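Chain residues, written in single-letter form:
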Amino acid sequence: GGAVMSVGAYNNAVGSLALELPNDINDALGNAAGAITNGSAFDNVLNQSFAAGAAIWLNIPMLSFAGLAMMIATILFFFATIVTVGAAALIFVASVILLTLLVKIGPLFLACAFMSQTRFAAIGWIKTVAGCVVTQILVVAILSLFTATEAQMVPGIIAQAQAGGAANTVELILSLCELGFLLCA
């Protein structure tokens, strides 16, 4: 009976803390920045990015070489969006799965903390749990940065496209693509 209560107490204390902490911190950061707050928002980020790309696409002057360059840059933007959001989602999901697994096997590693010969395993477990929590927070923060930057740049890109500033428009669209690929790196 005592061991079962200890496992239950562990799940309530350590399990709840480790599994809910990333969402709580992301909620606090997201509410302050008005950005995404958890893993369920990846679809929203993708939809926002595609809506921004579609808005740019609809304002591209047709039947010109400048328009062709803007179309190619916009297609690259769509590709960069898919790669960036896809990579972020995969990293986020892998981190959630690993964190869940680590929390479930945690009692084994906490038992290792009581013996000097195996204490290194407990310390490694704690570091890995912390790494998973930080990874989830950073993925959401970086994706929020991408979304905020995109939201600020798109109106300027549309205005440039409508004014016929092809060179600047292509440069701005490619800057968004570069940002997406840098975030993946």
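Conventions and cut-offs
Residues numbered from 1 in each chain as written. Predicted model: local features only at pLDDT ≥ 70, side-chain atom pairs only at ≥ 80, totals over all residues. Heavy atoms only, no water. Helix = DSSP H or I, 4+ residues; strand = E, 2+ residues; numbered from the N terminus. Buried < 20%, exposed > 50% of the residue type's maximum accessible area, 1.4 Å probe, protein only. Areas by Shrake-Rupley, 256 points an atom, 1.4 Å probe, with all protein chains shown as cover. Core = buried A, V, L, I, M, F, W, Y, C linked by side-chain atoms within 4.5 Å. Contact = heavy atoms within 4.5 Å. Phe/Tyr/Trp six-rings, centres within 6.5 Å; stacked < 30°, edge-to-face > 60°. Expected span 1.5 Å × (residues − 1). Bend = angle between axes of the 7 residues up to and from the residue. Patch = residues over 30% accessible without salt bridge, like charges linked within 9 Å, V, L, I, M, F, W, Y side chains within 5 Å. Salt bridge = Lys/Arg side-chain N within 4 Å of Asp/Glu carboxyl O.

A.B. asks: Which residues make up the overall build of the protein, and what are the values?
C.D. replies: Helix and strand counts for the protein stand at 6 helices and 0 strands. For the protein, buried positions account for 34% of its 185 residues. Carbon and sulfur atoms make up 72% of the accessible area of the protein, which amounts to about 10,200 Å² in all.

A.B. asks: Just give me the short version of the nonpolar core, but keep the residues and values in it.
C.D. replies: Judged by nonpolar contacts, Ala52, Ile56, Ala73, Phe77, Phe78, Ala80, Val154, Ile157, Ile158, Ile173, Leu176 and Cys177 together constitute the single largest core of 12 residues. With 4 residues, the top contributor of residues to this core is helix H3 (residues 65–104). With sequence-adjacent residues up to four places away left out, Ile173 is seen in contact with Ile56, Met70, Ala73, Thr74, Phe77 and Ile157. Counting 9 residues, the second largest nonpolar core, distinct from the first, contains Val103, Val129, Cys132 and Val133.

A.B. asks: Please provide a residue-by-residue account of the packing of aromatic side chains, values included.
C.D. replies: Taken as a whole and assessed by the stated rule, the structure comprises 2 aromatic pairs. A centroid spacing of 6.1 Å and a plane angle of 50 degrees characterise the contact between Phe77 and Phe78, whose relative ring orientation is tilted. Three or more aromatic residues joined by ring pairs form one cluster here, namely Phe50, Phe77 and Phe78.

A.B. asks: Please set out the side chain of Thr81 residue by residue, giving values where relevant.
C.D. replies: Checked against the element boundaries, Thr81 lands in helix H3. Since its relative accessible area comes to 1%, Thr81 is described here as buried. With near-sequence residues (within four places) excluded, Thr81 lies in contact with Leu46, Ser49, Phe50, Gly86 and Phe146.

A.B. asks: Kindly report on helix H5 (residues 119–163), identifying the contributing residues and their values.
C.D. replies: The terminal C-alpha atoms of H5, which comprises 45 residues, lie 66 Å apart, in line with the 66 Å expected from a rise of 1.5 Å per residue. Along H5, the sharpest change in direction is near 30 degrees and occurs at Met153; proline Pro155 comes one to four residues later.

A.B. asks: Let's hear about a nonpolar patch on the surface: which residues, and what values?
C.D. replies: Taken together, Phe65, Leu68, Ile72, Leu76 and Leu174 make up a surface patch of nonpolar side chains, about 500 Å² in accessible area. Of the residues forming the nonpolar patch, the biggest block, 4 residues, is contributed by H3. Here Ile72 shows up in helix H3. For Ile72, a relative accessible area of 48% puts it in the partly exposed group.

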